[in-house]
Amino acid sequence: MSLLLTNARLIDPEALTETHGAVYIDGTTIAEVLTDPAAIEARAARALRVEDCGGKVLAPGMVDLGVKIGEPGERHKESFRSAGLAAAAGGVTTMVTRPDTLPVTDTPEQLEFITRRAAEASPVRIAPMSALTKGRAGREMVEIGFMLDAGAVAFTDVDHVVTDTRVFSRCLTYARSLGALVIAHPQDPGLSAGAAATSGKFASLKGLPAVSSMAERMGFDRDMALVEMTGARYHADQITTARALPALERAKANGLDVTAGVSIHHLTLNEFDLGDYRTFFKLTPPLRSEDDRMAVVEAVATGLIDTVSSMHTPQDEESKRLPFEEAAAGAVGLQTLLPAALRLAHEGLIELPRLWAALSLNPARRLGLPQGRLAPGAPADLVLFDPGAPFVLDRFTLLSKSKNTPFDSARMEGRVTATWVGGQEVYRRA
Amino acid sequence: MSFRQSHLLGIEHLAPDEIVTLLDLAAEYAALNRSDRKHGDALDGLTQINMFFENSTRTQASFELAGKRLGADVMNMSMQASSIKKGETLIDTALSLNAMHPDLLVVRHPQSGAVDLLAQKVNCAVLNAGDGRHEHPTQALLDALTIRNAKGRLHRLSIAICGDIAHSRVARSNILLLGKMENRVRLVAPPTLLPAGIENFGVEVFHDMKAGLEDVDVVMMLRLQKERMDGGFIPSEREYYHRYGLDAEKLAHAKDDAIVMHPGPMNRGVEIDGTLADDINRSVIQDQVEMGVAVRMAAMDLLARNLRERRKEAAA
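A few points on the structure. Because the structure is a prediction, the values reported are computed rather than measured. (Residues numbered from 1 in each chain as written. Chains lettered and ligands numbered in written order. Predicted model: local features only at pLDDT ≥ 70, side-chain atom pairs only at ≥ 80, totals over all residues. Heavy atoms only, no water.)

Quick word on the side chain of E74(A)
Residues and elements named next belong to chain A.
- Relative to the assigned elements, E74 resides in the loop between β6 (62-67) and α2 (80-90).
- A polar side-chain atom of E74 sits 3.2 Å from a polar atom in the side chain of K68.
- If we ignore the near neighbours within four places in the chain, the residues touching E74 are K68 and L102. (Helix = DSSP H or I, 4+ residues; strand = E, 2+ residues; numbered from the N terminus. Polar contact = N/O pair within 3.5 Å; in protein donor to acceptor, adjacent residues only side chain to side chain. Contact = heavy atoms within 4.5 Å.)

Remarks on helix α5 (residues 137-151) of chain B
Residues and elements named next belong to chain B.
- Spanning 15 residues, α5 covers 21 Å between terminal C-alpha atoms, matching the ideal 21 Å at 1.5 Å per step.
- All of the buried residues along α5 are P137, T138, Q139, A140, L141, L142, D143, A144, L145, T146, I147 and K151.
- Positive phi shows up at G152, right after α5, with a value of about 80 degrees. (Expected span 1.5 Å × (residues − 1). Buried < 20%, exposed > 50% of the residue type's maximum accessible area, 1.4 Å probe, protein only.)

Let's talk about the pairing of strand β17 (residues 411-421) of chain A
Residues and elements named next belong to chain A.
- Counting buried positions over the 11 residues of β17 gives eight, a clear majority of the element.
- As paired elements, β17 and strand β18 (residues 424-428) share four bridges and run antiparallel to each other. Looking at β18, one finds that W420 is bridged to E425.
- Remark: two residues form the turn of the hairpin made by β17 and β18, two consecutive strands paired antiparallel; G422 in that turn has positive phi of roughly 55 degrees. (Pairing = 2+ DSSP bridges.)

Here we look at the environment of S283(B)
Residue and element names in this part refer to chain B.
- Mapped onto the elements of the fold, S283 is located in the loop between α11 (274-278) and α12 (285-315).
- Residues S283 and R133, spaced 150 residues apart in sequence, show a C-alpha to C-alpha distance of 26 Å.
- Within polar-contact distance, the side chain of S283 engages the backbone oxygen of A277 at 2.8 Å.

A short note on the packing of α5(B) against helix α6 (residues 169-180) of chain B
Residue and element names in this part refer to chain B.
- At their nearest, the axes of α5 and α6 sit 8 Å apart, and the two run at 55 degrees to each other. By the angle class used here, α5 and α6 are oblique. The hand of the α5/α6 crossing is right-handed. Taking contact as the criterion, the partners of P137, Q139, A140, L141, D143, A144 and I147 in α5 are, on α6, V170, S173, N174, L177 and L178.
- Looking at the contact of α5 with α6, its residues break down into eight nonpolar, three polar and one charged. (Axes fitted to C-alpha atoms, helices over the stretch in contact; angles between N-to-C directions. Parallel < 35°, antiparallel > 145°, perpendicular 65-115°, else oblique. Left-handed = near helix turned anticlockwise from the far one by under 90°. Nonpolar A, V, L, I, M, F, W, Y, C, P; charged D, E, K, R; others polar.)

As for the nonpolar core
Residue and element names in this part refer to chain A.
- Residues M95, F168, F220, Y234, L267, I305 and W356 are the most contacted members of the largest nonpolar core, which totals 100 residues.
- Looking at this core, the element that brings in the most residues is helix α13 (residues 337-346), giving six residues.
- Apart from the residues within four sequence positions on either side, I305 is in contact with I239, L245, L248, A260, G261, V262, V296, A299 and V300. (Core = buried A, V, L, I, M, F, W, Y, C linked by side-chain atoms within 4.5 Å.)

Some thoughts on the packing of aromatic side chains
- All chains considered together, the criterion is met by four aromatic pairs over all chains.
- On the basis of an interplanar angle of 80 degrees and a centroid distance of 5.4 Å, the ring pair of F202(A) and F272(A) is categorised as edge-to-face. Of this pair, F202(A) sits in helix α7 (residues 201-206) while F272(A) sits in the loop between α10 (264-268) and α11 (290-302); the two residues are 70 residues apart in sequence, bridging distant segments of the chain.
- Of the residues examined, F202(A) reaches a relative accessible area of 11% and is grouped as buried.
- The cationic tip of K201(A) hangs over the ring face of F201(B); the distance from NZ or CZ to the ring centre is 6.0 Å.
- Over the aromatic face of F324(A) sits the side chain of K282(A), whose NZ or CZ is 5.7 Å from the ring centroid. (Phe/Tyr/Trp six-rings, centres within 6.5 Å; stacked < 30°, edge-to-face > 60°. Lys NZ or Arg CZ within 6 Å of the ring centre and 35° of its normal.)

Comments concerning the interface of chain A and chain B
- Across the boundary between the two partners, chain A contributes 17 residues, which contact 23 residues of chain B.
- Taken together, the two surfaces of chain A and chain B that pack against each other cover about 1,600 Å², and 58% of this comes from carbon and sulfur.
- At the surface where chain A touches chain B, the tally comes to one salt bridge.
- We note a salt bridge from E12(B) to K206(A), for which the minimum N-O separation is 3.2 Å.
- At the junction of chain A with chain B, the criterion picks out six residue pairs in polar contact (both at pLDDT 80 or more). (Buried area = accessible area lost by both parts, 1.4 Å probe. Salt bridge = Lys/Arg side-chain N within 4 Å of Asp/Glu carboxyl O.)

Some remarks on the pattern of salt bridges
Residue and element names in this part refer to chain A.
- Applying the stated criterion to the full structure yields 40 salt bridges over all chains.
- Residues E140 and K134 are paired through a salt bridge, measuring 3.6 Å at the closest nitrogen-oxygen approach.
- In this structure, the salt-bridge partner of K252 is D306, at a minimum N-O distance of 2.8 Å. Of the two residues, K252 sits in helix α9 (residues 245-253) while D306 sits in the loop between α11 and β15 (307-309), which places them 54 residues apart along the sequence.
- Among the charged side chains, a network of salt bridges with common partners joins E71, R75, R117 and E120.

Here's the deal with unusual backbone geometry
- The omega angle of the peptide bond from E71(A) to P72(A) is -10 degrees, so this bond is cis rather than trans.
- Here the bond from G264(B) into P265(B) is cis, since omega is -10 degrees, no more than 30 degrees from zero.
- For P265(B), the location among the structural elements is in the loop between β9 (259-261) and α11.
- For N7(A), which is not glycine, the phi dihedral falls at a positive 55 degrees.
- Structurally, N7(A) is set in strand β1 (residues 2-12).
- For S409(A), which is not a glycine, the phi torsion comes out positive at approximately 70 degrees.
- Mapped onto the elements, S409(A) comes out in the loop between β16 (382-392) and β17.

That's the geometry; what it means functionally is another story.
What follows is the structure in structure tokens.
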């Protein structure tokens, strides 16, 4: 099975370039990336199938770090099938799944269940993460070695902070000996207890319990001290405030093995979007001020923040139709990651190749996955999209079982035309 | 008539002319309430349901009396003892209520925004009787009427709001209302009892009470909740009283004719000296309770007029 995709704008997140050309898929991998017209013509003559991309953008599929799937435990919110279909339609070719399932993914047996279910049900790849501590309770570490053998790509307690620094330092030390990546949620648990918003004029006016943006820096500073002490490989799941950025810059400059991510929602929305208690905008951490948002966008543009993800968190209507404080946090994002991210490119805030590196290459590389590259030998996980195609989002058209998107009725630009995983077409826009 | 609201959820949504309309009508009702025939018919035939998800004696009584004086059928539902305990959600409660065809719904809820949520789901006029630490609009309106009665105006006054601002919905509604009416608002509190971002509210902030009360026209005290006293917000009750309790010595810094207000219930000896609270020359605390009924009559009357108007349009 071979396929030549011609007449495309190629995004190469490794070289950080954008060129016009063609990609030749042979079997499950990319065989050639061609930019010379004569070479493309020669290849077209010998290819089994040729598709003219009509000048649309062709790029490595996105590697979405931190997708919550309701299996096991909350299949009414999301299944591997529904998430996989949403991912394929959204241009996400690898879902890096979170261990905050019911029960928590903290044994090799559960990881095997996830891998088996995913293979049966999902059209896109799954790279599962394991909990760092049993039950995400912050007391005993999971069987990190066995979990690695079972395919865990990283270890995280998601939004639970391991408050006991002795436990956390041992986890980091042990993980380091196996080269495992630890992903943490930088947040001071005392300051952030019970918070539903970021403290400031808006939260005060609305009477919402709020947390200072300083809590993120405090959590990050603590973690950096422990990383310096243990030498572990560390990734901060979400850096969302201006105050934490100098600490991140310092950690990298000091040679610590540290990277950081941010959710697309924190790059495109701010605290005022909460409006009159709109619970679809309730996230963890809470949405920040516009100053914070712009600082974080800038950090993605310069490469200080490495990864951008959807932090896809499906919640059913019941858990959102509650008073703000009681409502569940999180938003779905697999299908809105692309058009929301493109807002940043369209506004000229981040160059498309750089943005794309944060969406595909950087998370893949950090997790030790071969995806995210547009180069011979790389897996043929690709997305073809029309970056300027306008539409108004209707949340009920989303393929996720849960429809809790903050972008309902929003005007967006950028639609996926087709998605391939391992050379197989998994989505084609009708 | 310039009152365009379908609900009274907060001061935030009111325009100054709407506030004046409401206070003018409330003043008429205050006169009615002092007459021998305390009865109007503005709410005749309408059903008013008071839903209190949080304990309240005075506010609930005030709303009940206001409704009854205007001829509404009033029902009180104490939601703490009711279905909420059985796991019913606020939305389900709203749907059940709709089936009873209420016209006015008075709601108090411990969570900010809960009354807004309810208002989206019911077919009647909703009055916020206090939601979390968000707003308590009728309290701010009755305070405004009390001030207007005592001072003859509701603009260009210097007003100090003192005490637990951070947890107070009364403070938020008052800051908004007094700001809209172009008064100078001062906040006097220890920093642990001030909300974040307070400097952007268009107010002056004081941590020293004597400085904060200097030459003010109105001293508005807030209740310090018992549960805050040992919550690490202040070192102790006695230190709080020493630094932030209102006594004659601190009040001497205010103007000679400054009035003293308190939304009640008072903690005598914690935030206010007992004799001061009873001083009929300074304290207008009793007037506040009296104006409370009048303001709630006016608010329900205006909302009922708009409700009838909307229903007439819908039928046409």
